[in-house]
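The chain contents come next:
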Amino acid sequence: MTNSLEFKSSFINNSEKKPALDTEGRNLLARPRFSLRLHILLLFILFSFLSMAIIIGSVIVINCIQKKISFVQTTERYLFYIEQARRWEKNYFLYDTNLEDAIQITGNAKTLLSQNLKKLMTVLSAEETANMIENLEKYRSLLQELTVLKKNGIVNAGKKHKIETSLRKHGAEMVKVAAALVYKEQNSMNAMLRLIQRIPIYCFAVVLLLTIFLVHFLSKRLIKPFNLLIESTQRIAKGDFSLVPPICRYRGEFTAVEVAINQMLKELKSHELTMVESHKLRAVGTLTAGVAHELNNPLNNIMLTAHAMLEDHNGLSEDELLEMINDLINEADRSRSIVRNLLDFARESESVSEPLDLGMLVSETIKLTLNQAKVSGVKIETQIQPDLPRIRGDKQQLKQVFLNLILNALDAVEKGGNIKINLKKADSPGFLAVQVEDNGCGIPSHILPNIFDPFFTTKGSGKGTGLGLSVSHGIITMHGGQINLETEEGKYTRFTVILPSRNIPADFNKT
Amino acid sequence: MKENLEILLLDDEAIVGNRLGPAIEKVGYDVEVFEDPKKALNRINEKEFDIVVTDIMMGDVNGIQILEEVRKKSDKTKVIIITGYATVTLAREAMDKGAFDMIAKPFTPDDLRSVIAKAADSLGYKKIIAKA
């Protein structure tokens with residue numbers, strides 16, 4: 001009990017240390033408490049009751065048998081008295097001996113009967129008992145009558161003969177009843193003995209069944225939570241940070257583990273977000289060349305036009321002037337949209353889930369990289385299937401994933417290489433697939449298992465953070481999708497991002 | 001020797017040609033302006049220019065290819081490379097392949113005119129006025 005108290009109090013301390021125990025945690029703790037300790041205690045109590053019942057049952061049965069034995073002895077003695085009486089009776093008829101002994105022994109039988117009347121009543125019906133006593137009484141009185149007749153000398157031969165016949169009849173009846181009783185009681189005792197022989201077998205069967213049940217129950221109660229926890233940790237390792245569902249219906253030892261894991265998941269989630277954010281800024285850094293080039297073009301156009309206006313402002317016709325001013329405005333607009341597109345991606349923001357047109361999102365991302373591709377002399381081919389259903393997700397994060405994949409592809413290809421980006425319905429219904437394929441160096445098979453690991457990079461120090469694919473994998477998993485990879489060294493690499501779609505066509509909500 | 005220096009100006013940004021064409025013409029050069037690198041290449045094959053000014057980052061054909069083509073055709077022609085994003089690697093490559101000079105966007109018409117003047121100078125045209 002102290003253990004459980006300690007456990008409880010340490011728990012309270014824990015929650016005091018972290019007052020921000022979330023609702024899930026509180027809900028988990030609010031459930032009725034039914035700990036493993038209690039389970040085991042209850043099981044032990046059940047087992048003890050069972051063994052106690054078996055012991056008490058055996059004692060009762062043995063006691064019964066003992067009583068049975070003494071009763072059988074009694075009936076046997078009764079039978080012996082009766083038979084003895086009948087032997088005296090026989091001697092009387094054969095040798096005309098006296099009947100005193102017979103009378104005395106029937107008296108003994110009568111005493112025996114009246115002493116054991118209660119026991120007898122439990123075995124025989126009241127009628128049978130009464131019949132038995134009546135027979136005995138009758139037999140005894142006949143004996144006494146006969147003795148009286150003998151003493152007085154034979155007066156009436158007819159009467160004597162009548163008494164003798166009746167005596168034989170009752171005597172035979174009495175022996176029959178007593179023998180039947182003995183036989184019956186012996187049978188019943190044998191049945192009891194057989195029962196007590198079988199008790200250990202029955203007990204063994206019950207204990208066996210109970211043990212099987214307990215093993216099953218305990219394994220369910222113990223192994224199942226462990227398995228669930230293992231499943232959860234494997235899921236977490238893959239980057240799915242959704243909370244662990246309640247393992248058992250009641251609060252127990254595992255609840256603490258659940259609460260702790262959920263707390264850890266919350267922290268992991270927030271760390272992941274920070275990592276995603278910081279990696280995004282790195283990605284923006286790598287985009288610099290492209291963006292600078294892209295931005296320098298309109299800037300150059302503005303500069304040239306402004307200088308042309310400055311140099312020739314006197315000699316310009318109205319139309320020429322108007323054309324130049326329009327150029328200035330258009331080019332300024334162009335610069336603004338370039339900056340906006342970049343900032344739109346780079347801006348730090350809360351993670352928001354909203355309906356998205358994946359095609360548009362992919363095109364916008366490609367736009368960010370087009371100049372980077374130009375700088376590297378790489379061609380980007382885009383194929384976007386029209387009228388695809390929308391998806392639900394975080395715009396910035398998904399852009400970041402595709403940007404990572406495209407920038408990786410740009411790193412992998414030589415000058416004059418080719419990147420194909422393809423958006424279509426995935427093979428499994430309800431999913432969209434974005435493929436980013438390059439005809440670059442491919443990925444050597446020995447590093448394949450590591451490429452989604454955080455901080456794993458093949459780029460030289462200072463060039464890659466080793467977070468791109470890890471972060472991308474995290475983002476896609478959070479969106480309920482997956483990233484697949486096919487590659488052949490020296491030939492191609494194809495990343496396929498699969499995302500769940502919503503069943504509303506992209507154009508449906510556009511207006 | 002020709003009366004005027006002949007220059008080919010190539011940039012896929014239309015405004016560059018629109019503004020620089022007149023700006024160079026008015027200081028006394030003959031300028032042909034191109035937006036499409038393929039057409040420019042055809043013209044280079046037809047005619048030997050004194051100076052070729054080309055942007056480096058263009059859709060299908062890039063400035064380095066233009067430079068190589070020009071080098072194949074004539075040793076005399078000076079090639080000036082315009083770039084939107086100047087990197088050391090790019091500069092080295094351009095210089096290795098025989099570019100006369102490089103000029104980074106954004107630049108002013110005067111920046112280009114002075115580079116052209118230097119090129120003209122090296123070609124032996126002394127009389128060029130830097131500014132109209």
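The rules behind the values
Residues numbered from 1 in each chain as written. Chains lettered and ligands numbered in written order. Predicted model: local features only at pLDDT ≥ 70, side-chain atom pairs only at ≥ 80, totals over all residues. Heavy atoms only, no water. Helix = DSSP H or I, 4+ residues; strand = E, 2+ residues; numbered from the N terminus. Rg over C-alpha atoms; globule rule 2.2 N^0.38 Å. Buried < 20%, exposed > 50% of the residue type's maximum accessible area, 1.4 Å probe, protein only. Areas by Shrake-Rupley, 256 points an atom, 1.4 Å probe, with all protein chains shown as cover. Lys, Arg positive; Asp, Glu negative; His and termini not counted. Charge placed at Lys NZ, Arg CZ, Asp CG, Glu CD. Axes fitted to C-alpha atoms, helices over the stretch in contact; angles between N-to-C directions. Parallel < 35°, antiparallel > 145°, perpendicular 65-115°, else oblique. Left-handed = near helix turned anticlockwise from the far one by under 90°. Contact = heavy atoms within 4.5 Å. Nonpolar A, V, L, I, M, F, W, Y, C, P; charged D, E, K, R; others polar. Phe/Tyr/Trp six-rings, centres within 6.5 Å; stacked < 30°, edge-to-face > 60°. Lys NZ or Arg CZ within 6 Å of the ring centre and 35° of its normal. Core = buried A, V, L, I, M, F, W, Y, C linked by side-chain atoms within 4.5 Å. Domains from an automatic or database assignment. Expected span 1.5 Å × (residues − 1). Bend = angle between axes of the 7 residues up to and from the residue. Pairing = 2+ DSSP bridges. Polar contact = N/O pair within 3.5 Å; in protein donor to acceptor, adjacent residues only side chain to side chain.

A. Layout of the overall build of chain A. Scanning chain A for helices and strands turns up 13 helices and seven strands. In terms of overall dimensions, chain A is more spread out than a globule: its C-alpha atoms have a radius of gyration of 52 Å, far above the 24 Å expected for 511 residues. Relative to its full complement of 511 residues, chain A shows a buried share of 38%. Carbon together with sulfur atoms contributes 60% to the accessible area of chain A, which is approximately 29,200 Å² in total. Taken together, the 61 basic and 54 acidic charged side chains of chain A have centroids lying 18 Å from each other.

B. Up close: the packing of helix H4 (residues 100-115) of chain A against helix H6 (residues 126-151) of chain A. Residue and element names in this part refer to chain A. The contact between H4 and H6 brings their axes to 10 Å, and the two run at 160°. Of the possible angle classes, the one that applies to H4 and H6 is roughly antiparallel. Here H4 and H6 pass one another in a crossing that is left-handed. On the side of H4, the interface is formed by Glu100, Ala102, Ile103, Thr106, Gly107, Ala109, Lys110 and Leu113, while H6 contributes Met132, Ile133, Leu136, Glu137, Tyr139, Arg140, Leu143, Gln144 and Thr147. Among the residues forming the contact of H4 with H6, the class breakdown is nine nonpolar, four polar and four charged.

C. Highlighting the packing of aromatic side chains. Following the criterion strictly, the structure yields three aromatic pairs over all chains and no others. For Arg168 of chain A, the ring lying beneath its charged end belongs to Phe93 of chain A, and the centroid distance is 4.3 Å.

D. The arrangement of the nonpolar core in detail. All names here are of chain A. Grouped together as the largest cluster of nonpolar side chains are 48 residues, with contacts concentrated most on Leu358, Leu398, Phe402, Ile421 and Val497. Within the residue set of this core, elements represented by two or more residues are helix H8 (253-286), helix H10 (318-346), helix H11 (358-376), helix H12 (395-412), strand S4 (418-425), strand S5 (431-438), helix H13 (468-478) and strand S7 (492-505). Element by element, the count of residues in this core is highest for H12, at nine residues. Beyond its immediate stretch of four places on either side in the chain, Leu398 contacts Leu356, Leu361, Ile391, Gly393, Ile475, Ile476, His479 and Leu499. Ranked by size, the runner-up nonpolar core spans 31 residues in total, among them Ile82, Ile103, Leu112 and Met174.

E. View of the domain arrangement of chain A. Looking at chain A, the domain boundaries give domain 1 (22-265) and domain 2 (355-511). For domain 1 of chain A and domain 2 of chain A, the distance between their C-alpha centres works out to 81 Å.

F. Spatial organisation of helix H7 (residues 157-237) of chain A. Residues and elements named next belong to chain A. Here H7 spans 117 Å end to end across 81 residues, near enough to the 120 Å set by a 1.5 Å rise per residue. Of all bends in H7, the biggest is about 35°, found at Arg198, and the proline Pro200 comes one to four residues later. Once H7 ends, the next one or two residues include Gly239, with phi positive near 100°.

G. Structural context of the environment of Ile483 of chain A. All names here are of chain A. When you line up the elements, Ile483 lands in strand S6 (residues 482-488). In sequence terms Ile483 and Arg77 are 406 residues apart; their C-alpha atoms lie 96 Å from each other. Beyond its immediate stretch of four places on either side in the chain, Ile483 contacts Phe452, Ser472, His473, Ile476, Phe495, Thr496 and Val497.

H. Local environment of the pairing of strand S5 (residues 101-104) of chain B. Bridge analysis of strand S4 (residues 78-83) of chain B against S5 of chain B gives four bridges, and the strand direction is parallel. Each bridged residue has a counterpart across the sheet, and for Ile81 of chain B the counterpart in S5 of chain B is Met102 of chain B.

I. Focus on the environment of Asp427 of chain A. Residue and element names in this part refer to chain A. Counting through the fold element by element, Asp427 comes out in the loop between S4 and S5. The exposed category is assigned to Asp427, whose relative accessible area is 82%. Along the chain, Asp427 and Asn108 lie 319 residues apart, while their C-alpha atoms are 104 Å from each other.

J. Spotlight on the environment of Thr147 of chain A. All names here are of chain A. The topology assignment puts Thr147 in helix H6. For the pair Thr147 and Ile230, spaced 83 residues apart in sequence, the C-alpha to C-alpha distance is 99 Å. Setting aside its immediate chain neighbours within four residues, Thr147 contacts Leu99, Glu100 and Ile103. At 2.6 Å, the side chain of Thr147 and the backbone oxygen of Leu143 are in polar contact.

K. Here's a closer look at the sheet that holds strand S1 (residues 6-10) of chain B. Residue and element names in this part refer to chain B. Within the open sheet, the five strands sit side by side as S2-S1-S3-S4-S5. Their pairing is parallel. Each of the sheet's edge strands pairs with one partner strand only, and the pair in question is strand S2 (30-34) and S5. Strand-to-strand twist of the sheet, defined as the mean angle between neighbouring strand axes without regard to direction, takes the value 15°. Bridge count between S1 and S2: five bridges; the pairing is parallel. Residue pairing in the sheet places Glu6 in a bridge with Asp30 of S2. The strands touched by helix H5 (residues 109-123) are S1, strand S3 (51-55), S4 and S5; relative to S4, the strand with the most contacts, the crossing angle is about 160°.

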